[in-house]
Number of protein chains: 2
Amino acid sequence: MKRDFSTHDRMSVATDVVVLTTDNKPLTNNRKVAEKGLQVLLVKRDEEPYKGGWALPAGFVNYDEPLLECAKRKLREKVGLDDIYLEQLYSYGDDVNRDIRGRVISIGYIALAPKEKILLNSERASKEAEWFWIESSASQWESDKLSFLSVKDPSVRITSLAFDHRMIIADALNRIKNKIMYTDAGFHLVNELFTVKELQTVYELLLGREVQAFRRVLNDKIIETDHWTDGKAHRPARLFKKRECQ
Amino acid sequence: MKRDFSTHDRMSVATDVVVLTTDNKPLTNNRKVAEKGLQVLLVKRDEEPYKGGWALPAGFVNYDEPLLECAKRKLREKVGLDDIYLEQLYSYGDDVNRDIRGRVISIGYIALAPKEKILLNSERASKEAEWFWIESSASQWESDKLSFLSVKDPSVRITSLAFDHRMIIADALNRIKNKIMYTDAGFHLVNELFTVKELQTVYELLLGREVQAFRRVLNDKIIETDHWTDGKAHRPARLFKKRECQ
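Residues numbered from 1 in each chain as written. Chains lettered and ligands numbered in written order. Predicted model: local features only at pLDDT ≥ 70, side-chain atom pairs only at ≥ 80, totals over all residues. Heavy atoms only, no water.

Moving on, we come to the interface of chain A and chain B. How big an interface is tends to be expressed through the accessible area that disappears when the partners come together. Counting residues at the interface gives 36 residues for chain A and 36 residues for chain B. Taken together, the two surfaces of chain A and chain B that pack against each other cover about 3400 Å², and 60% of this comes from carbon and sulfur. At the surface where chain A touches chain B, the tally comes to 19 residue pairs in polar contact (both at pLDDT 80 or more). When contributions to the side of chain A that touches chain B are tallied by element, the ones reaching two or more residues are α1 (2–6), β1 (10–24), α2 (67–79), β5 (85–92) and β6 (104–112) of chain A. Here the residues of the side of chain A that touches chain B sort into 19 nonpolar, eight polar and nine charged. (Contact = heavy atoms within 4.5 Å. Buried area = accessible area lost by both parts, 1.4 Å probe. Polar contact = N/O pair within 3.5 Å; in protein donor to acceptor, adjacent residues only side chain to side chain. Helix = DSSP H or I, 4+ residues; strand = E, 2+ residues; numbered from the N terminus. Nonpolar A, V, L, I, M, F, W, Y, C, P; charged D, E, K, R; others polar.)

Together, Met181, Tyr182 and Val217 of chain A together with Met181, Tyr182 and Val217 of chain B line one region of the surface with nonpolar side chains, adding up to about 470 Å² of accessible area. Tracing the backbone through its elements, the reader meets Met181 of chain A in the loop between α4 (165–179) and α5 (196–207). (Patch = residues over 30% accessible without salt bridge, like charges linked within 9 Å, V, L, I, M, F, W, Y side chains within 5 Å. Areas by Shrake-Rupley, 256 points an atom, 1.4 Å probe, with all protein chains shown as cover. Salt bridge = Lys/Arg side-chain N within 4 Å of Asp/Glu carboxyl O.)

The next thing to look at is the domain arrangement of chain A. Residue and element names in this part refer to chain A. Taken domain by domain, chain A consists of domain 1 (2–179) and domain 2 (186–246). Once you take the C-alpha centre of each, domain 1 and domain 2 turn out to be 26 Å apart. Our count for the domain 1 to domain 2 interface comes out at zero salt bridges. Counting every contact that joins domain 1 to domain 2 gives one residue pair in polar contact (both at pLDDT 80 or more). (Domains from an automatic or database assignment.)

A separate point is the relation of the copies chain A and chain B. For the pair of chain copies, the relating transformation is a rotation about an axis with a translation along it. Taken as rigid bodies, chain A and chain B are interconverted by a rotation of 180 degrees and an axial shift of 0.0 Å, the fit giving an RMSD of 0.0 Å. Taken together, the turn and the small shift mark the pair as related by a two-fold rotation axis. A symmetric contact is evident, with 100% of the interface residues of chain A recurring at the interface of chain B. (Least-squares fit on C-alpha atoms with pLDDT ≥ 70 in both.)

Take helix α4 (residues 165–179) of chain B next. With 15 residues, α4 of chain B extends 21 Å between its outermost C-alpha atoms, agreeing within 8% with the 21 Å of an ideal straight helix rising 1.5 Å per residue. Buried within α4 of chain B we find His165, Ile168, Ile169, Ala170, Ala172, Leu173, Ile176, Lys177 and Lys179 of chain B. (Expected span 1.5 Å × (residues − 1). Buried < 20%, exposed > 50% of the residue type's maximum accessible area, 1.4 Å probe, protein only.)

As C-alpha cells, then:
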C-alpha cells in the first residue's frame, strides 16, 4: 500500500498570508482631520526567484505541519507577529507555473488586526518587513489596479510583487469586502472597544463606498458600553463593543 | 537553485468534490405533493483505505495539472459528469493524519447542477457512483448530525464516510447556505427557466427554513419570461430566469 501511494506525484505546498490593517494617513496641509487607509504587510525576498522584490509573508509547509500552523509560524518567523486572527482565503494551484522552481500549491490566508495590536510586537519584526498603503486606481479591488506605497519611504511605490501575490491581495480584499456586511470580519480590524466612527471607517475602506445610516445598519451587531474616548483632541465619543451571539 | 528547492518537503495533493443536487422525494401514501430533497453523489471505494466504504469523488493532482482540472477529471472519470458548475470550497490539511497513507492536502470543491442536467450524462457514470439523500437530525448543517440514505436502495443508510468527507460535505452545505441569499449560487440548482416555487424550494432546502415573501426577496435577481409550465399536473406557472447584471 505504501508503495502504491508513493507513485502519486508529490508537490510543494506553501502558505501565503495577506496581513491587513488600517492606520491614519499622514496629515497634509490640505487636511485637518486624520484620514484612514488600508495597509498590507510585505517582506523583501532574500533569495531567488524575485530576489530583492516584495512578497507576502510565505513559506513551505513541513510534512508533519498543519496548514494553519505553517501560516502562523511564517508570521512569527518573518514578521514577529503572533496571536492574530487568521482565516483561509483560497488555494492557488491552477497556474502550474506560478513558481518557476517547480509545482507549488499555495494556501492563501487572511490575517486581520487593528494596528495598535500589531505594533505591540513590532520590535520582533524582521527588518525586511514593511507596511504598504494599498492604493487602487479603480473603485473595485482589481489586481491590475492595485499599487503599494511604502509607509516608511513614500518615494517607494510598487505595482509588481513576487509570484501571483498581487492577485492574492486582490482576492483577500474582495473576500473581506463581500462578507463584511453579514459576518464579524470587520471587527477584527478595530480594538475591543471602538467608536461607531472607527468601525464605519473600516467598513467604508473595504467596501470602497460610504455606508448610509451606518449606526442603524450595524445596530444588531454592536452594543453600547459605559466607556468614552478621552476627548483630548475631539469631543468625547461613546465606545461600543461587538454584541456576542445569544 | 533546483537543489535548494528539492530540500523542501513534498506532499500529495488531492481534490475532493461535493456534488449537490435536488430531486423529488418518492411519494408516500401520506403525501400527495412531491417534496424535494437534497442529494449528494458518493462513490464506493475500491481500494484501501476505507475499501468498500463510501466517499466523495476524489483523486490525486498530477504534477502538471491545474487544481480545477483535476477536480473536473475525477468527475469525468469516476462518475461520468462533465460541464458542471464547480467552485473551490476549502483546503483540508490541518489534520496531518487525515490519510493514513501519508500527508495529503485536499482541495475541496463544490459542484452544483439541477438533476435533469446531471441525468443527461448518467449512462457514462461509474457503476459504483450513487446518489444519496442528505438527512440531518439538526436544523443546522453539522457534520455529526448528517446521514445519507441511498436513493437506489433505501435500506442503506450510512453515517460514516471515508476520511474527513462527512465534514467536507457539512462545510459545503454551510458554504452554500451562507452565501445563497447574496450570490447566484442557488441558480446553479435549477434549470435556465424555473418557477418561483422551484427556486424557493432550493433556497429553503439549503437554508433549512422557510423564506417569507420569497418573490419579493428575490425580485432583483429574477426576471419574468413569456414561458409557462405545461400545466399537465398542475395549474400552469410562469417561468422565470436569472436577471443578468447590467
